[in-house]
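# Observations on chain architecture
So the chains spell out like this:
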Amino acid sequence: MRVTLTLKDRAAAYNTAFPKYPPLIVSQDGRWLYGIWMMGNNYRSKMGYYGEYPPGYLKRVHALFPDARRVLHLFSGKVQKGFWPIEMTLDCNADLNPDILQDAAALDLQAMSSFDLVLADPPYTQEDAMHYGVPL
C-alpha cells in the first residue's frame with residue numbers, strides 16, 4: 001500500500017532540504033501550501049535548450065514530491081532526468097527524442113492519470129511559441 005504525504009509532510013521535506021530558502025507554510029485548515037520560490041536569474045543552460053527548467057527547479061519539486069514514482073514532463077523539450085524512478089517526456093518535436101511524441105493538447109486525460117505527478121512547462125508567451133514553432 002502506498003502512502004501519500006500530507007501537505008505538512010511535503011512542507012517539512014522541502015524546508016529540510018532547503019533550510020536557507022523562505023520556508024513553505026501550510027494553512028491553518030491544512031488545505032493550502034504557501035511559499036515563495038525565488039529562482040533568481042541564473043539561467044545557465046545544463047541541457048543546452050532554450051526555455052529549459054531553471055537550475056535547481058527539479059531538485060525543489062522533488063523535495064515536495066519525493067513519494068512520486070511515475071512523473072510526466074509535458075512540453076518537455078529537454079529534461080535532466082534522474083529525480084524519480086520513472087520519468088517520461090512528452091513533446092511534439094521529434095528532434096528532442098521525447099518518450100512520447102505527441103501534441104500535449106491531444107493527450108487523453110485518462111492517460112495522465114497513470115502518473116503520480118505531471119509537470120507542465122508550456123510556452124508562456126507568443127515569442128516563446130514562435131521560437132518553438134508551435135501555437136501558443
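Whatever comes next refers back to the structure up there.
In short, a report on the structure.

### Overview of the side chain of Arg10
- You can see Arg10 is positioned in helix H1 (residues 7-17).
- Of the polar contacts made by the side chain of Arg10, one reaches the side chain of Asp67; its length is 2.9 Å.
- Those residues in contact with Arg10, other than ones at most four positions away along the chain, are Thr4, Leu5, Ala63, Leu64, Phe65, Pro66 and Asp67.

### Observations concerning unusual backbone geometry
- In the Ramachandran plot, Phe75 falls in the positive-phi region, its phi being about 50 degrees despite a non-glycine side chain.
- Position of Phe75 relative to the elements: it lies in the loop between strand S3 (70-74) and strand S4 (86-91).
- Judged by relative accessible area, Phe75 falls into the partly exposed class, the value being 32%.

### A short note on the environment of Leu117
- Examined against the element boundaries, Leu117 turns out to sit in strand S6 (residues 117-120).
- Under the relative-accessibility criterion, Leu117 is labelled buried at 9%.
- Linking Leu117 and Arg70, residues 47 residues apart in sequence, is a C-alpha distance of 6.7 Å.
- What Leu117 contacts, discounting residues up to four positions off in sequence, is Val61, Phe65, Ala68, Arg70, Val71, Leu72 and Trp84.

### Focus: the pattern of salt bridges
- Per the stated rule, a full pass over the model turns up two salt bridges.
- Salt-bridge contacts for Arg10 lead to Asp67; the nearest nitrogen and oxygen are separated by 2.9 Å. In this pair, Arg10 sits in helix H1 while Asp67 sits in the loop between helix H2 (57-64) and S3, placing the two residues 57 residues apart along the sequence. We note that Arg10, like Asp67, is buried.
- Among the ionic pairs, Asp99 bridges to Lys81, the shortest N-O distance being 2.6 Å. Pair noted here: Asp99 is in the loop between S4 and strand S5 (100-101) and Lys81 is in the loop between S3 and S4, with a separation of 18 residues, a long-range link.
- Taking the relative accessible area as the measure of exposure, Asp99 reaches 41% and is therefore partly exposed.

### As for the nonpolar core
- With nine residues, the main nonpolar core is built from Tyr53, Leu58, Val61, Ala68, Val71, Val79, Trp84, Leu117 and Leu119.
- Every element with two or more residues in this core is listed here: H2 and S6.
- If we skip the residues at most four places from it in the chain, Leu58 touches Tyr53, His73, Val79, Gln80, Phe83, Trp84 and Leu119.
- In terms of nonpolar packing, the next biggest core, distinct from the first, is built from seven residues, Leu72, Ala104, Met112 and Phe115 among them.

### Description of the sheet that holds S3
- If you trace the four strands from one edge of the open sheet to the other, you get S5-S4-S3-S6, paired in parallel fashion. Each edge of the open sheet is held by one strand with a lone partner, namely S5 and S6.
- When S3 meets S4, the two strands line up parallel, connected through four bridges. Residue pairing in the sheet places Val71 in a bridge with Glu87 of S4.

Calculation notes
- Residues numbered from 1 in each chain as written.
- Predicted model: local features only at pLDDT ≥ 70, side-chain atom pairs only at ≥ 80, totals over all residues.
- Heavy atoms only, no water.
- Helix = DSSP H or I, 4+ residues; strand = E, 2+ residues; numbered from the N terminus.
- Polar contact = N/O pair within 3.5 Å; in protein donor to acceptor, adjacent residues only side chain to side chain.
- Contact = heavy atoms within 4.5 Å.
- Buried < 20%, exposed > 50% of the residue type's maximum accessible area, 1.4 Å probe, protein only.
- Salt bridge = Lys/Arg side-chain N within 4 Å of Asp/Glu carboxyl O.
- Core = buried A, V, L, I, M, F, W, Y, C linked by side-chain atoms within 4.5 Å.
- Pairing = 2+ DSSP bridges.

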